[in-house]
Amino acid sequence: MDASVQTVPVLIIDDERDIRDGCERILSRMGCQVTKAPDGRQGLEALERELAEVVLLDLKMPGMDGLEVLKRIKQSWPQVLVIVITGFATVETAIEAMKLGAYDFIPKPFQPDQLRLTVNRAIERLRLSQEAERTLSDLHTEKSRLRTIISALPQGLMVTRTDGQVVLINPAFCQMLSLAPQTAPGQEVACYLPDPAACQMLRRVSAGEGGPEEEAPSLEFSAPGERHLLAQATRILGEDGQGLGAVLVLVDVSAFKVLDQLRSEFVAKVSHELRSPLSTILLQLTLLLGEGAAPQAEGQRHLLVRARERTQGLISFVRDLLDLSRLEAGAGRQGPREVRLEELLRVVLDSFSTQAETRGFQLVLDLPPEPLPTLVADPVGLESVFNNLVANALNYSDDGGRIEVKARVEDGKLKVEVSDQGFGIEEEKQALIFDKFYRVKNEKTRFVTGTGLGLPIVKSVVESLGGNISVRSKKGQGSTFTVVLPCAQA
Ligand code: ADP
């Protein structure tokens, strides 16, 4: 027996007792819950008492006419499915009944199978419409649930179509950008986002530029009320992978920004305070070890040399920290100005010439025959970039190799390569060496002192100039660091 049939209440309204009883037997066996009424009035009363889902209705009855009963049923309970039972002589009436909203009809006399078939069809129809109703109400609940979640999100949310038109913004978004609380979507992104770079990023992602495998781009910008916001844009893809637009998530990072600044200021202060006494100690140790100083026993001299080396190491550590905190605080040590790269590179290489010579290195500067275009940069910052790269080339090589600094113009940009034939860097470590304090640890690097701050400083300076840095290296075969910088605008 069909489980859904079992629970369907059916009312039979017919003045012929045999028909009522016969139908009851068949339908009860099908599992329906059957009620019977001998005329229209009692039928309507029965419906009032207990609603049936299917009504079998004889059209030809004494008292209230079947069509009248049908009308009233449809008026009060439009969802009830009415199957009219009619003799051959009244087919026209049956058609009339269908017009009035009857669901089906069975001509009299009928076989049990005919009845079963018709009632089953009605039950199936009931089941389908109930399912559709459930889906619709589920959809409705789902939609309002989503709306509530989006409204309650602490992150700002903006959804755009592929043409950059905004289709959704949530309250947090309005609050972060000081927009009116009920600001309606519908305009272009620029009407909501005050930052041109953020607008551009969102338009690009909305239009589907950059494959889905590309990491979701993000940027920070300042918003009204001294807020710092982090915006990240992600493409929205349809089921078959086509771009539908983008979603922009805004996170308020103002508090982190303040903390970061405090940390940078603290580090800058501590480094600054440490630098002068350390320089004094270094000077005194150098004097003690100098020519005019009183001779020391070999053991003492060794201790003093070690102390001088460690002090030197500490000073360079403190210098790196200071550089880093200044960079993070956004303060260039000098303002940007026009820089001639050839000269700057020569000065850098000159400062390493004695060390290179002592250790048997060949230090080569490779410049193109024509002059290089000028750069606009803070010269001290730029010098620290190449100082760090050449120092690393020397530090991470065995004595006696070749170190080359080669500058060229490529695709309208300045490209400087610093290459060595030294220890090289394993492929999996190459992405990590630009992280603060990261140092490769192996047999070769064990004896090289360093802080792990040089390359992060280099990267930060290069990026602040609108350039980028990359590395090519093979363990045991040397490394090449490539710096690409934009030339000064004509
Ligand atoms: P530091 O030299 O103070 O350790 P860096 O940030 O300059 O810090 O470099 C990070 C790490 O990258 C180094 O510890 C070293 O392992 C590796 N590295 C940098 N430059 C080279 C190079 N030219 N050859 C081999 N390894 C290098």
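Residues numbered from 1 in each chain as written. Predicted model: local features only at pLDDT ≥ 70, side-chain atom pairs only at ≥ 80, totals over all residues. Heavy atoms only, no water.

Examining the nonpolar core
Part 1: In terms of nonpolar packing, the biggest core is built from 43 residues, with Leu341, Leu382, Phe386, Leu389 and Phe481 touching the most fellow members.
Part 2: The residues contacting Leu341, other than those within four sequence positions of it, are Leu372, Leu375, Leu382, Phe386, Leu414 and Val416.
Part 3: By size, the runner-up hydrophobic cluster in this structure holds 24 residues, among which are Leu193, Ala231, Ala233 and Ala246. (Core = buried A, V, L, I, M, F, W, Y, C linked by side-chain atoms within 4.5 Å. Buried < 20%, exposed > 50% of the residue type's maximum accessible area, 1.4 Å probe, protein only. Contact = heavy atoms within 4.5 Å.)

Observations concerning unusual backbone geometry
Part 1: Residue Pro109 is bonded to the preceding Lys108 through a cis peptide linkage, with omega at -5 degrees.
Part 2: Its location among the elements puts Pro109 in the loop between β5 (104–108) and α6 (112–152).
Part 3: For Glu226, which is not glycine, the phi torsion reads 55 degrees and is therefore positive.
Part 4: Looking at where Glu226 falls in the secondary structure, it is placed in the loop between β8 (218–223) and β9 (227–237).
Part 5: The phi angle at Asp411 is positive, at roughly 50 degrees, despite the residue not being glycine.
Part 6: Among the structural elements, Asp411 can be located in the loop between β14 (402–410) and β15 (413–419). (Helix = DSSP H or I, 4+ residues; strand = E, 2+ residues; numbered from the N terminus.)

Digging into the pairing of strand β6 (residues 156–161)
Part 1: Among the 6 residues of β6, 5 are classified as buried, and the element is accordingly described as predominantly covered.
Part 2: Bridge count for β6 against strand β7 (residues 166–169) is 3 bridges, and the pairing is antiparallel. Within the sheet, the bridge partner assigned to Val159 lies in β7 and is Leu168. (Pairing = 2+ DSSP bridges.)

Side note on the sheet that holds strand β17 (residues 478–486)
Part 1: The 5 strands are arranged β12-β14-β15-β17-β16 in an open sheet whose pairing can be described as mixed. Here the strands that pair on one side only, and so sit at the sheet edges, are β12 (362–366) and β16 (468–474). Each strand of the sheet is rotated relative to its neighbour by a mean of 15 degrees, with strand direction disregarded.
Part 2: Here β14 runs beside β15; their pairing, made up of 7 bridges, is antiparallel. (Axes fitted to C-alpha atoms, helices over the stretch in contact; angles between N-to-C directions.)

Description of the confidence of the model for the chain
Detailed reading of the predicted coordinates is not advisable wherever pLDDT falls low.
Part 1: Taken residue by residue, the chain gives an average pLDDT of 86. The fraction at 70 or more is 95%.
Part 2: For the stretch residues 1–5, pLDDT sits under 50, and the model shows 10 contacts to residues farther than four places along the chain or on other chains. (pLDDT = per-residue confidence, 0-100.)

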